[in-house]
Amino acid sequence: MVDEFKQRIAGEIALSPNPGRTIKKWREEFGLSQHQLADAMGVSHSVISDYESGRRKSPGVNVVKKMVEAFVELDLENGSQVISRYNPEFKLECITSMDEFPGGADIEDFIEAISGRNLNPDLITKKMVYGYTIVDSVKAILSLGSQDYLKIYGGNIERALIFTNVHFGRSPMIAVRAHPLTPAMVVYQNPEKVDPLAVKLAHLERIPLVVTDLSVSEIVASLNAFKEE
């Protein structure tokens, strides 16, 4: 989808009767200044200004390609805001699976469905879970911008965030605690070990921290069956 989006922008610029105006339109759509775009492309600010004003002739294929790459790379760093808007089905690389439960599901029933063990049993409440997101914790740490967390929460923040590729569980809980949105539950899929700090952070945030030994495919299959009950 990202490649198709790049082709769309490049084609619009190349075929436009006024390429400078089209470049400016897309630059502003991505929320970039001329300086930001120029820096990302490795050119001087005057080059962008000249293209947009028409002082330079229409950019060649290589320039357009470099410009579109800069648009997209900067948007990815900023949480994929524009890409997501034009491509509703665009999914972050770190998200393995995501689904919604329109009617909600009881937390204890959800934990049972994934054969989970609640490490904060005193935090079980009457809250409902309205969906889940399975996130590769390593990819999330390496690639997520601050705005990406909104995409992880999908249609409802009252959801289970299920983290895979977990070693000790500190980083996912630190990330959850640092963000103003709080999930209904955090789940670690087959962690090597759960650091007591992660359990403590979950307790401070009043979030049940659950561990499951199921594989990702088993989790998805179990939750699909659970949703249909």
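Just so you know, these numbers come straight off a predicted model, no measurement behind them. (Residues numbered from 1 in each chain as written. Predicted model: local features only at pLDDT ≥ 70, side-chain atom pairs only at ≥ 80, totals over all residues. Heavy atoms only, no water.)

**A look at a nonpolar patch on the surface**
Argument step 1. Together, Val138, Ile141 and Leu142 make up an exposed nonpolar region whose accessible area comes to about 310 Å².
Argument step 2. As for its placement among the helices and strands, Val138 is situated in helix α8 (residues 137–143).
Argument step 3. Look at Val138 and you get partly exposed, because its relative accessible area is 31%. (Patch = residues over 30% accessible without salt bridge, like charges linked within 9 Å, V, L, I, M, F, W, Y side chains within 5 Å. Areas by Shrake-Rupley, 256 points an atom, 1.4 Å probe, with all protein chains shown as cover. Salt bridge = Lys/Arg side-chain N within 4 Å of Asp/Glu carboxyl O. Helix = DSSP H or I, 4+ residues; strand = E, 2+ residues; numbered from the N terminus. Buried < 20%, exposed > 50% of the residue type's maximum accessible area, 1.4 Å probe, protein only.)

**Quick look at the sheet that holds strand β3 (residues 128–136)**
Argument step 1. Ordered by their spatial adjacency, 6 strands build an open sheet running β1-β3-β4-β5-β6-β2, and the pairing between neighbours is mixed. Two strands bound the open sheet, and with one partner strand each, they are β1 (95–106) and β2 (117–118).
Argument step 2. Set on the sheet, helix α10 (residues 170–178) makes contact with β4 (160–164) and β5 (185–189); between it and β5 the angle comes to about 160°.
Argument step 3. The sheet strands contacting helix α12 (residues 216–228) are β1, β3, β4, β5 and β6 (209–212), and the helix crosses β1 at an angle near 25°. (Pairing = 2+ DSSP bridges. Contact = heavy atoms within 4.5 Å. Axes fitted to C-alpha atoms, helices over the stretch in contact; angles between N-to-C directions.)

**Some words on helix α11 (residues 196–204)**
Argument step 1. When we look at burial in α11, the residues that qualify are Ala198, Val199, Leu201 and Ala202. The buried residues of α11 occupy one face: seen down the axis, they fall within an arc of 160°. With respect to the buried face of α11, the exposed residues turned more than 90 degrees away are Pro196 and Lys200.
Argument step 2. Where α11 is buried, its residues meet α10, β5 and β6.
Argument step 3. Between a side-chain oxygen at the N-terminus of α11 and the backbone nitrogen of Leu197 the separation is 2.7 Å; the capping residue is Asp195.
Argument step 4. Once α11 ends, the next one or two residues include Arg206, with phi positive near 60°. (Arc of directions from axis to C-beta. Polar contact = N/O pair within 3.5 Å; in protein donor to acceptor, adjacent residues only side chain to side chain.)

**As for helix α4 (residues 45–53)**
Argument step 1. All of the buried residues in α4 are Val47, Ile48, Ser49, Asp50, Tyr51 and Glu52.
Argument step 2. Buried residues along α4 sit against α2 (19–29), α3 (34–41) and α5 (61–77).
Argument step 3. After α4 finishes, the residue Gly54 shows a positive phi value of roughly 90°.

**A look at the pattern of salt bridges**
Argument step 1. One pass over the structure, following the stated rule, counts 10 salt bridges.
Argument step 2. For the salt bridge of Arg117 with Asp213, the shortest nitrogen-to-oxygen distance reads 3.2 Å. In this pair, Arg117 sits in strand β2 while Asp213 sits in the loop between β6 and α12, placing the two residues 96 residues apart along the sequence.
Argument step 3. Its relative accessible area of 42% is what places Arg117 among the partly exposed residues.

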